Amino acid sequence: MSWQSSPRARVPGAVVVAAALALSTITLTFYLRLSLATATLQTPSSPLPTAASTGNEEATIQILGRHLEPTHPRLFANRSKWASLPDQIPGDEYLSKWNRTIFRQADEMLSLPPPDYKKDGTSGILDIARTVQLRIKHWAYAYRLTNDPKWKDRIWKEIVHTAGNSTGASFGTQGDSWNTDHWLDVGEFLVAFGIAYDWLYDAWTAEEREGIRWSVVDLGLRKGLESFERKEWFLGVTGNWNCVTAGGMIVGALAVLGEDTSGVARSLLGRAVENAERHCGKSVDESGTWAETPDYWHFGTQAHAQLSSGLLTSLGSTFGMLDSHPKFRETGMFHIHTIGMTEKFNYGDCGPSKITATANSLFFYGREYGIPEYGLFQRDRPDAADPLSMLWYESSLKGEWHDHLPLDKAFSDPSGAWVSLRSSWTDSNGVFVAMKGGKMTGHATHGNLDAGDFVLDALGERWAIELCQDSYDAPGYFSSEDQDSVRWDYYRCGTAGQNTIVHNNSNQVVDAEPTVKFESTLVTQKTKGKTDAGGFWIADLTQAYDGMSIKRGVRLLPERSKVLIQDEITDALETSQWRMHTKAHITYSNSGRIAHLRLNGKALDVLLLSPRAAVFHTTKPVRSPKLHPLSGGREDLPNPGVSVLAVDLPPGSLTVSVIFCPISEPGVQCSFTSPVPLSEWSLL
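Keep in mind the model is a prediction, meaning the values are calculated, not measured.

Turning to the overall build of the chain, a few remarks are in order. A tally of regular secondary structure across the chain gives 17 helices and 17 strands. Evaluated residue by residue, the chain yields a buried proportion of 61% over its 684 residues. Once local pairs closer than 6 in sequence are excluded, the contacts in the chain between residues at least 24 apart make up 73%. When the accessible surface of the chain is split by element, carbon and sulfur atoms take 51% of a total near 25600 Å².

Further remarks concern the environment of Val622. In this structure, Val622 sits in the loop between strand S15 (616–619) and strand S16 (643–649). A sequence separation of 130 residues divides Val622 from Arg492, and the C-alpha atoms of the two residues are 9.0 Å apart.

For helix H10 (residues 206–229), which comprises 24 residues, the first-to-last C-alpha distance of 32 Å matches the rise-based estimate of 34 Å (1.5 Å per residue) to within 8%. Of all the bends found along H10, the most pronounced is centred on Val217 and spans about 35°. At the C-terminal side of H10, Lys231 shows a positive phi close to 55°.

Turning next to the pairing of strand S10 (residues 563–572). Here S10 lies mainly inside the structure; 8 of its 10 residues are buried. Two strands pair when backbone bridges link them, and strand S9 (residues 549–556) and S10 are joined in this way by 8 bridges, in the antiparallel orientation. Looking across to S10, one finds that Arg555 is bridged to Leu564. As consecutive antiparallel partners, S9 and S10 are separated by 6 residues, and within that stretch Glu559 has a phi angle of approximately 75°, a positive value. Bridge count between S10 and strand S17 (residues 652–662): 8 bridges; the pairing is antiparallel. When the bridges of S17 are listed, Leu564 appears paired with Ile659.

Attention shifts here to the state of the cysteines. What we call a disulfide is simply a covalent bond connecting the sulfur atoms of a pair of cysteines. Evaluation of the coordinates by the stated rule reveals 3 disulfides. Covalently, Cys350 is tied to Cys468 through a disulfide, its sulfur atoms 1.8 Å apart. Because the sign of the S-S torsion sets the handedness, a value of about -60° for the bond joining Cys350 and Cys468 places this disulfide among the left-handed ones. Of this pair, Cys350 sits in the loop between helix H14 (331–338) and helix H15 (361–369) while Cys468 sits in the loop between strand S5 (461–464) and strand S6 (501–503), and the two are 118 residues apart along the sequence. The connectivity of the disulfides in the chain is 1-2, 3-4, 5-6, where the numbers refer to bonded cysteines in sequence order.

In this section: the side chain of Ser309. Among the structural elements, Ser309 can be located in helix H13 (residues 294–315). Sequence-distant contacts of Ser309, defined by excluding residues within four places in its chain, comprise Phe76, Phe364 and Trp392.

Here the focus is the nonpolar core. If you look at the biggest cluster of nonpolar residues, it comprises 187 residues, and the most contacted ones within it are Trp199, Leu221, Ile250, Trp578, Leu597 and Phe660. When residues in this core are grouped by element, the largest group, 12 residues, is from helix H9 (residues 183–199).

The subject of this paragraph is the environment of Ala106. Locating Ala106 in the fold gives a position in helix H6 (residues 93–110). With 29 residues separating them along the chain, Ala106 and Arg135 place their C-alpha atoms 7.0 Å apart. When neighbours within four sequence positions are excluded, Ala106 is seen to be in contact with His138, Trp139 and Trp151.

On to the pattern of salt bridges. Applying the stated criterion to the full structure yields 28 salt bridges. Of the charged contacts, one joins Asp386 and Lys137 as a salt bridge, the two residues approaching to 3.0 Å between their closest N and O atoms. On the criterion of sequence distance, the pair formed by Asp386 in the loop between helix H16 (372–378) and helix H17 (387–392) and Lys137 in helix H7 (residues 126–146) is long-range, its members being 249 residues apart. Asp386 sits in the buried class, given a relative accessible area of 3%. Residue Lys354 is joined to Asp295 by a salt bridge in which the shortest nitrogen-to-oxygen separation is 2.8 Å. Taken as a pair, Lys354 in the loop between H14 and H15 and Asp295 in helix H13 lie far apart in primary sequence, 59 residues in all.

Before going further, it helps to spend a moment on the packing of H10 against helix H12 (residues 264–278). Closest axis-to-axis distance for the H10/H12 pair is 10 Å, and the angle between their directions is 55°. Classified by the angle between their axes, H10 and H12 sit oblique to one another. Of the two elements, H10 crosses H12, and the hand of that crossing is left-handed. Contacts between H10 and H12 pair Val217, Leu221, Arg222, Gly224, Leu225, Phe228 and Glu229 from the former with Val264, Ala265, Ser267, Leu268, Arg271, Ala272 and Asn275 from the latter.

Further remarks concern the sheet that holds strand S3 (residues 432–436). Within the open sheet, the 5 strands sit side by side as S1-S2-S3-S4-S5. Their pairing is antiparallel. With partners counted over all chains shown, the strands left at the sheet margins are strand S1 (409–411) and S5, one partner each. Taking the axes of each pair of neighbouring strands and ignoring which way they run, one obtains an average angle of 15° across the sheet. Sheet topology places strand S4 (residues 454–458) next to S5; 3 bridges connect them, and they run antiparallel. Across the sheet, Asp457 pairs through a bridge with Arg462, a residue of S5. Along the sheet, H14 contacts S1, strand S2 (418–422) and S3; its crossing angle with S2, the most-contacted strand, is approximately 55°.

Taken together, 4 strands build an open sheet; the order of strands is S6-S11-S16-S15 and the sheet is antiparallel. This sheet does not close on itself; its edge strands, each paired only once, are S6 and S15. The mean angle between the axes of side-by-side strands here comes to 35°, regardless of whether they run parallel or antiparallel. Of the strand pairs in this sheet, S6 and strand S11 (residues 576–582) are connected by 3 bridges, and their pairing is antiparallel. Within S11, the residue paired with His503 across the bridge is Ser576.

Our focus in this paragraph is the confidence of the model for the chain. Overall, the prediction assigns the chain a mean pLDDT of 90, with 90% of residues at 70 or greater. Scored below 50 in pLDDT, residues 5–65 shows 91 contacts in the model against residues more than four places distant or in partner chains.

Inspection of the secondary structure assignment puts Thr500 in the loop between S5 and S6. Its relative accessible area of 0% is what places Thr500 among the buried residues. For the pair formed by Thr500 and Asp567, sequence separation is 67 residues and the distance between their alpha carbons is 9.6 Å. In this structure Thr500 touches Ala451, Gly452, Asp453, Thr495, Gln508, Tyr545, Arg552, Gln577, Trp578 and Arg579, once residues within four positions along its chain are discounted.

Quick notes on the rules
- Residues numbered from 1 in each chain as written.
- Predicted model: local features only at pLDDT ≥ 70, side-chain atom pairs only at ≥ 80, totals over all residues.
- Heavy atoms only, no water.
- Helix = DSSP H or I, 4+ residues; strand = E, 2+ residues; numbered from the N terminus.
- Buried < 20%, exposed > 50% of the residue type's maximum accessible area, 1.4 Å probe, protein only.
- Contact = heavy atoms within 4.5 Å.
- Areas by Shrake-Rupley, 256 points an atom, 1.4 Å probe, with all protein chains shown as cover.
- Expected span 1.5 Å × (residues − 1).
- Bend = angle between axes of the 7 residues up to and from the residue.
- Pairing = 2+ DSSP bridges.
- Disulfide = S-S within 2.5 Å.
- Core = buried A, V, L, I, M, F, W, Y, C linked by side-chain atoms within 4.5 Å.
- Salt bridge = Lys/Arg side-chain N within 4 Å of Asp/Glu carboxyl O.
- Axes fitted to C-alpha atoms, helices over the stretch in contact; angles between N-to-C directions.
- Parallel < 35°, antiparallel > 145°, perpendicular 65-115°, else oblique.
- Left-handed = near helix turned anticlockwise from the far one by under 90°.
- pLDDT = per-residue confidence, 0-100.

In structure tokens:
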């Protein structure tokens, strides 16, 4: 087998020097820290350079005691951690269960052929890259615990194929097998190959190591240097794109650092670390809410935890990754509070298949931030079984994760304000309602025009649903977040596709900044009583409706068994419509003022308390015929099995008050009451 080009290719010294000189002051600080930390890689046991020898006392002080881990493996765990695992697994319920699952999944993937190179529209070969990473991670874990050569042999077959060196089939463009047109793909491949190189370092022959190292350097890291020279857009944004791309560069560079004689890994590492700290590390707002959507939290935090863990185990420091934003430690709570009784509050784009992206970053964050609730929560989730969980999980964790967590929590930063209210953390038949009211821009073109949008769970079913994204390949889907963006023409992205008020058949104003008010007794599952009034949250959505006053409130009623959503509209000049998407079958009674929703044998009644002249009706989840048709042959994705529960509202001032009443047992009834103005809502 011959690789695409000489694995001994070098970056000319002038290029490396020029790259270093081009770094910003902040970048140079990181570059010096990392360059000095790795300056003695040829003799890892040598002492670090002194201030006198480097001429940079500050940089020397910053890296004191930070040698590169001299042996492999060093990504995410060192040799001693791996050596202790076989003794830890039998005595821990969770490690034992996950270990069995990992081996079962590794076996299931073993007979699968290497993936074909096939681009998926705008997503490139991202699913392929993540699939390869998933396979290699599982097989490499299995090899480290068994030393069975079948795992190594299968990894090698995958590597040869996806590096473009298989004699049986090509893989992408010569020299660009990992598709730099869509850099997420490169980032994920770098992690996959980095794990293969590092975790099986002693198992590879010298020639095999050289081949894998060539792939990491020439197909990934060298492309990373080029991306910095071109100032690629993903190096200047927060969110998953920066975390995955910079994270791949960091993990790949750490894997081959010390053996890469070209200097590419060392030259890139400083830049990538500084870049990730500045952007990926700041992908949350002041409440801990992820900058994009709850689903993209998985992609972003998976990459962030990996690059942070890799730095920690390889160089002894995360280089500020965990504290570059003071509220990053809170993002685990963001995730936990998005999880309802059936699924998460999945507003905005739900994204592509997760594949490798789990919530197991919570194990790493829980350990490093000292927040045991993160690990206690995640260990019972269905995606917990993963090789990284085996390395990050703390077997000493004891207790219940929900003992001290309030049932209500508001995330009030204006850039992504939302609220989560529930009756229980553990009763899958309980009530959960979440509502969004923050800014609709600044979400990496993954958000919707959805101020006031909500989801509702009860009796183990989701009654008010989200539609997730339209096709990522739809023309103009990611064009911009401007008011006239083509994105908002698509039904699932515009205001009509949300569970909120639509005024005059129009989209909301994109740059609105709704304000919110939150009150709660902050009871926990342990402290709540039957008289608990439940929390409430009020969002002033006036800016979203171009100055027409609309306020929306949501609250749990006493005993937390029912939900009230109330809108106050003032001086509307045009008609409006209250909308809720559902998969339930809907019938009506009481002259259309009670909607009976039935889903999978469960029942939920929805009562329209006011306005008295209004009634419920059912409409289809399609764009209004009063709007201009989609241009250029574009079409909305269909929404099969979905109906819209709607209330038509006249111009003027009015209050729309709706109660959601789960029918938990025969005979349960909800009664009509007089609405209380939002200004008079209280916890009493």
